[in-house]
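Residue-level listing of the chains:
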Protein chains: 2
Amino acid sequence: MRAIEPIPDTMQAAVLHAYDGAPDSLRIETRPVPRPQRGQALVKMSAAPINPSDLMFLKGLYGVLKPLPVAPGWEGAGRVVATGDDWLSRMLLGKRVACAAPNQRDGTWAEYMLTSSARCIPLSDSISDEAGAMLIVNPLTAWALMDIARRGGHRAFVQTAAASALGRMLARLSLHFGVEGVHIVRREEQAELLRSMGARHVLNSEADGFDEQLRTVCREVGATIAFEAVSGMTAARVLRALPDGGRLVLYGALSESPLMADPRDLIFQRKRVEGFWLADWLAKRTLWQQLRLARQIQNALGDLLRSEIAGRYPLHETHRALQEYQASMTAGKRLLVMNLK
Amino acid sequence: MRAIEPIPDTMQAAVLHAYDGAPDSLRIETRPVPRPQRGQALVKMSAAPINPSDLMFLKGLYGVLKPLPVAPGWEGAGRVVATGDDWLSRMLLGKRVACAAPNQRDGTWAEYMLTSSARCIPLSDSISDEAGAMLIVNPLTAWALMDIARRGGHRAFVQTAAASALGRMLARLSLHFGVEGVHIVRREEQAELLRSMGARHVLNSEADGFDEQLRTVCREVGATIAFEAVSGMTAARVLRALPDGGRLVLYGALSESPLMADPRDLIFQRKRVEGFWLADWLAKRTLWQQLRLARQIQNALGDLLRSEIAGRYPLHETHRALQEYQASMTAGKRLLVMNLK
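Quick word on the overall build of chain A
Working step 1: Along its length, chain A carries twelve helices and 17 strands.
Working step 2: Its C-alpha radius of gyration of 20 Å places chain A within 12% of the 20 Å reference for a compact globule of 341 residues.
Working step 3: When its C-alpha atoms are laid out on the principal axes, chain A stretches across 65 × 45 × 35 Å.
Working step 4: Within the span of chain A, comprising 341 residues, buried residues form 58% of the whole.

Points about the packing of aromatic side chains
Working step 1: Tallied over the full model, the rule gives 16 aromatic pairs over all chains.
Working step 2: Considering the side-chain rings of A:Tyr19 and A:Phe57, the 5.5 Å spacing of their centres and the 90 degrees angle between planes classify their relative orientation as edge-to-face. In this pair, A:Tyr19 sits in the loop between β2 (10–16) and β3 (26–32) while A:Phe57 sits in helix α1 (residues 52–58), placing the two residues 38 residues apart along the sequence.
Working step 3: Exposure remark for A:Phe57: the relative accessible area of 1% places this residue in the buried category.
Working step 4: Relative to A:Phe227, the ring of A:Phe157 has its centre 5.8 Å away and its plane inclined at 45 degrees; by these criteria the two rings are tilted. Taken together, the positions of A:Phe157 in strand β9 (residues 156–159) and A:Phe227 in strand β12 (residues 223–228) put the pair 70 residues apart, joining distant regions of the chain.
Working step 5: Assessed through its relative accessible area of 0%, A:Phe227 is described here as buried.
Working step 6: The rings of A:Tyr19, A:Phe57, A:Tyr62, A:Trp74, A:Trp277 and B:Phe268 are connected pair by pair, giving a single aromatic cluster.
Working step 7: Between the NZ or CZ atom of A:Lys66 and the centre of the ring of A:Trp74, over which it lies, the distance is 4.5 Å.

A short note on the interface of chain B and chain A
Working step 1: Between chain B and chain A, the contact holds 28 residues from the first and 28 residues from the second.
Working step 2: Both sides of the chain B and chain A interface together cover about 2,300 Å² of buried area, and 70% of this is carbon and sulfur.
Working step 3: By the criterion of area lost to chain A, the three top residues of chain B are B:Leu266, B:Ile267 and B:Phe268, representing 27% of everything that side buries.
Working step 4: Counting across the interface, chain B meets chain A through two salt bridges.
Working step 5: Salt-bridge contacts for A:Asp280 lead to B:Arg270; the nearest nitrogen and oxygen are separated by 2.2 Å.
Working step 6: At the surface where chain B touches chain A, the tally comes to seven residue pairs in polar contact (both at pLDDT 80 or more).
Working step 7: Contributing elements (two or more residues each) for the side of chain B that touches chain A: β14 (259–261), α9 (263–267) and β15 (272–275) of chain B.
Working step 8: For the side of chain B that touches chain A, the per-class residue count stands at 16 nonpolar, six polar and six charged.
Working step 9: Bridge count between strand β14 (residues 259–261) of chain A and β14(B): three bridges; the pairing is antiparallel. By the bridge assignment for β14(B), A:Met260 is matched with B:Met260.

Section: the nonpolar core
Working step 1: A:Leu214 and B:Leu214 are the most contacted members of the largest nonpolar core, which has 116 residues in total.
Working step 2: Apart from the residues within four sequence positions on either side, A:Leu214 is in contact with A:Val158, A:Val182, A:Ile184, A:Leu203, A:Arg237, A:Val238 and A:Ala241.
Working step 3: Counting residues in hydrophobic clusters, the runner-up holds 45 residues, among them A:Ala98, A:Trp143, A:Ala149 and A:Leu305.

Concerning the environment of B:Gly21
Residue and element names in this part refer to chain B.
Working step 1: Structurally, Gly21 can be placed in the loop between β2 (10–16) and β3 (26–32).
Working step 2: Exposure remark for Gly21: the relative accessible area of 41% places this residue in the partly exposed category.
Working step 3: Separated by 40 residues in sequence, Gly21 and Leu61 have C-alpha atoms that sit 9.9 Å apart.
Working step 4: Discounting chain neighbours no more than four positions away, the residues touching Gly21 are Leu58 and Lys59.

A closer look at the pattern of salt bridges
Working step 1: In the structure shown here, the tally under the stated rule is 56 salt bridges over all chains.
Working step 2: Between B:Asp85 and B:Arg2 there is a salt bridge, with the nearest N and O atoms lying 2.9 Å from each other. Here B:Asp85 is found in the loop between β5 (75–83) and α2 (87–92), whereas its partner B:Arg2 is found in strand β1 (residues 2–3), with 83 residues between them in sequence.
Working step 3: On the accessibility criterion, B:Asp85 (42% relative accessible area) is partly exposed.
Working step 4: On the basis of relative accessibility, which here comes to 40%, the residue B:Arg2 falls in the partly exposed class.
Working step 5: We note a salt bridge from B:Glu308 to B:Arg306, for which the minimum N-O separation is 3.7 Å.
Working step 6: You can call B:Glu308 partly exposed: its relative accessible area is 28%.
Working step 7: Look at the salt bridges and you will find they share partners, linking A:Arg168, A:Arg172, A:Asp303, A:Arg306 and A:Glu308 into a network.

Observations concerning the relation of the copies chain B and chain A
Working step 1: With an RMSD of 0.0 Å, chain B superimposes on chain A once it is rotated by 180 degrees and translated 0.0 Å along the axis. Put plainly, the chains are arranged around a two-fold axis.
Working step 2: Both copies present the same face, since 100% of the interface residues in chain B are matched by interface residues at the equivalent positions in chain A.

Digging into the pairing of β9(A)
Residues and elements named next belong to chain A.
Working step 1: Here β9 shows two buried faces, one formed by Ala156 and Val158 and the other by Phe157 and Gln159.
Working step 2: By the bridge criterion, four bridges tie β9 to strand β10 (residues 180–185) in an arrangement that is parallel. The residue of β10 that forms the bridge with Ala156 is Glu180.
Working step 3: Remark: the β9/helix α5 (residues 165–177)/β10 crossover connection has right-handed handedness.

Concerning the domain arrangement of chain A
All names here are of chain A.
Working step 1: What the domain assignment reports for chain A is domain 1 (2–134 + 307–337) and domain 2 (143–279).
Working step 2: Averaged C-alpha coordinates put domain 1 and domain 2 at centres separated by 31 Å.
Working step 3: On the side of domain 2, twelve residues touch domain 1, which itself brings 13 residues to the contact.
Working step 4: At the boundary of domain 1 with domain 2, total buried surface from both sides reaches about 900 Å², with 54% on carbon and sulfur atoms.
Working step 5: Counting the surface domain 1 buries against domain 2, the share from its top three residues, Met56, Glu308 and Thr330, is 46%.
Working step 6: Where domain 1 meets domain 2, there are three salt bridges.
Working step 7: Measuring nitrogen to oxygen at the nearest pair gives 2.5 Å for the salt bridge that ties Glu256 to Lys59.
Working step 8: At the boundary of domain 1 and domain 2, one finds five residue pairs in polar contact (both at pLDDT 80 or more).

Regarding a nonpolar patch on the surface
Working step 1: A cluster of nonpolar side chains, A:Trp87, A:Leu88 and A:Met91, forms an exposed patch at the surface whose accessible area comes to about 350 Å².
Working step 2: Take A:Met91: it is sitting in helix α2 (residues 87–92).

Conventions we followed
- Residues numbered from 1 in each chain as written.
- Chains lettered and ligands numbered in written order.
- Predicted model: local features only at pLDDT ≥ 70, side-chain atom pairs only at ≥ 80, totals over all residues.
- Heavy atoms only, no water.
- Helix = DSSP H or I, 4+ residues; strand = E, 2+ residues; numbered from the N terminus.
- Rg over C-alpha atoms; globule rule 2.2 N^0.38 Å.
- Buried < 20%, exposed > 50% of the residue type's maximum accessible area, 1.4 Å probe, protein only.
- Phe/Tyr/Trp six-rings, centres within 6.5 Å; stacked < 30°, edge-to-face > 60°.
- Lys NZ or Arg CZ within 6 Å of the ring centre and 35° of its normal.
- Contact = heavy atoms within 4.5 Å.
- Buried area = accessible area lost by both parts, 1.4 Å probe.
- Salt bridge = Lys/Arg side-chain N within 4 Å of Asp/Glu carboxyl O.
- Polar contact = N/O pair within 3.5 Å; in protein donor to acceptor, adjacent residues only side chain to side chain.
- Nonpolar A, V, L, I, M, F, W, Y, C, P; charged D, E, K, R; others polar.
- Pairing = 2+ DSSP bridges.
- Core = buried A, V, L, I, M, F, W, Y, C linked by side-chain atoms within 4.5 Å.
- Least-squares fit on C-alpha atoms with pLDDT ≥ 70 in both.
- Right-handed = clockwise from strand over helix to strand, strands pointing away.
- Domains from an automatic or database assignment.
- Patch = residues over 30% accessible without salt bridge, like charges linked within 9 Å, V, L, I, M, F, W, Y side chains within 5 Å.
- Areas by Shrake-Rupley, 256 points an atom, 1.4 Å probe, with all protein chains shown as cover.

In structure tokens form, the structure reads like this:
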């Protein structure tokens, strides 16, 4: 192990004890600070956001179930303070990084996190720790979905949960790349927000005549793919509105309901349903492509891929951060800030 | 027009007046007998089956809504008694044919049907009118599904509604081509029926432990594709049981419920949902491929692709035929027999 400063034996962390979504199951506790082996980096965390994928993880609805007890948190930023004694890891020593949690062990809602060196992205000086903490999950997903739309030759796309942090990024990318977007929200103030960003086609799914309007606008702009994050009947309504041969890509399940689909859309209208998971999408990229991507994302992080921050919370206020995030996701991201002086 | 016998001005037909599934909406009435134009053949019907797709059509759930009033019935057999004066149509004059209904006009539940000459398949002498009447919908679909499994390199498949006429054909094709099948039924006597045919993996979805058994057998035999005809929660359970990357092909919706799917299967396990419609599959084949297919199907019609007949009904007993079919589909096909002497 190489280190740039003394590593304490213990740390504070948010620790999950059951995948039941109960507040009591998540406690602030003292945990040992693990030591990096070959290929690993120990990150002294400075900030970590709460994302919808974290909420799913707490309830056991995420694609990965880690052995319990475990610290949640899929992404964050900090400084690499110790590494294993290999070439790649040594390169990271002392660097500020955005980092993703390992698949089997403690995550980012802690004072330190041990992860694979390959899951650390060095941050350029222009990126703050706070912005860097939100570099991976939303920006990369938005970028990947836009990539899917463009490579698939889709002239336009539909997206649900369009006022979410990710939805807003996708709306900005849509304007930037000239791929028309049809943005679905659930409240009028969310619709206003998207219109104020320059989005042309914004529909409120709670409004009268929504289904007919969505169908009409899909045909007008030629939307042949949908990025859907709600599941349940929302998926069925979006699939219904897509033209013949349309493709629905599910990347979230905010409603926590099974996806529904009208058999007629699948059988007689050749529509398809599939999923998107960032981990899979990234795994298909070469190391070189991933490095190029990391640079592109960082360049766009202050602008197209920026996240609004609605609140900062010390680690021991994780419960309040979770409550306030679930009460209003549209307001912006909630950040856990660690190692505050 | 060319004709081999005098064509009457009127005929008896079952006529649908509303897509509501109400018995009163289907009536036996007198209709004019249409005259063939260029590219068309007038078939004097001898038999026509009731298929699940006909039940969907009566309720307005099928992919095609014809202008009402209209005679239902998607397939049947009979003799071409008049044609338009073009080369292809003249070739059919006087021939016994299997025939499919046009997309916009009267179908096969009538004494005569006018259809496109391209929708008529001349029957070889070894095929009876009754067998020929059931040549298209089920045998071609079973053949197409097996083709999809084989071309996709799937070692094994899952099928629901396995005791249906189509399900039994697929079970026989499975044994014939050495592509292992996992057959799902809803009653123990259906399971016995399939086992008596030589099927090795038969599961009853109503039995305790079904989901776990299905998952286990899918892994054992390497079933990576499912042919699903029930929709609703059945689709979700089958999708859940498939291994990572599995593909569910919906070709029917016997439950008349929306398809359901667990978001985790789509997002984290790369599973996909799509539909199958015979009309689409056939449209992708060249005329030459279709002719070859017609010969293959006829060769297998007495054996691999045979249908069991549970009852024959004159046209004026269409209602009784429908009732008895819906009461027990497993018992076998119900045939409407026309122009009986």
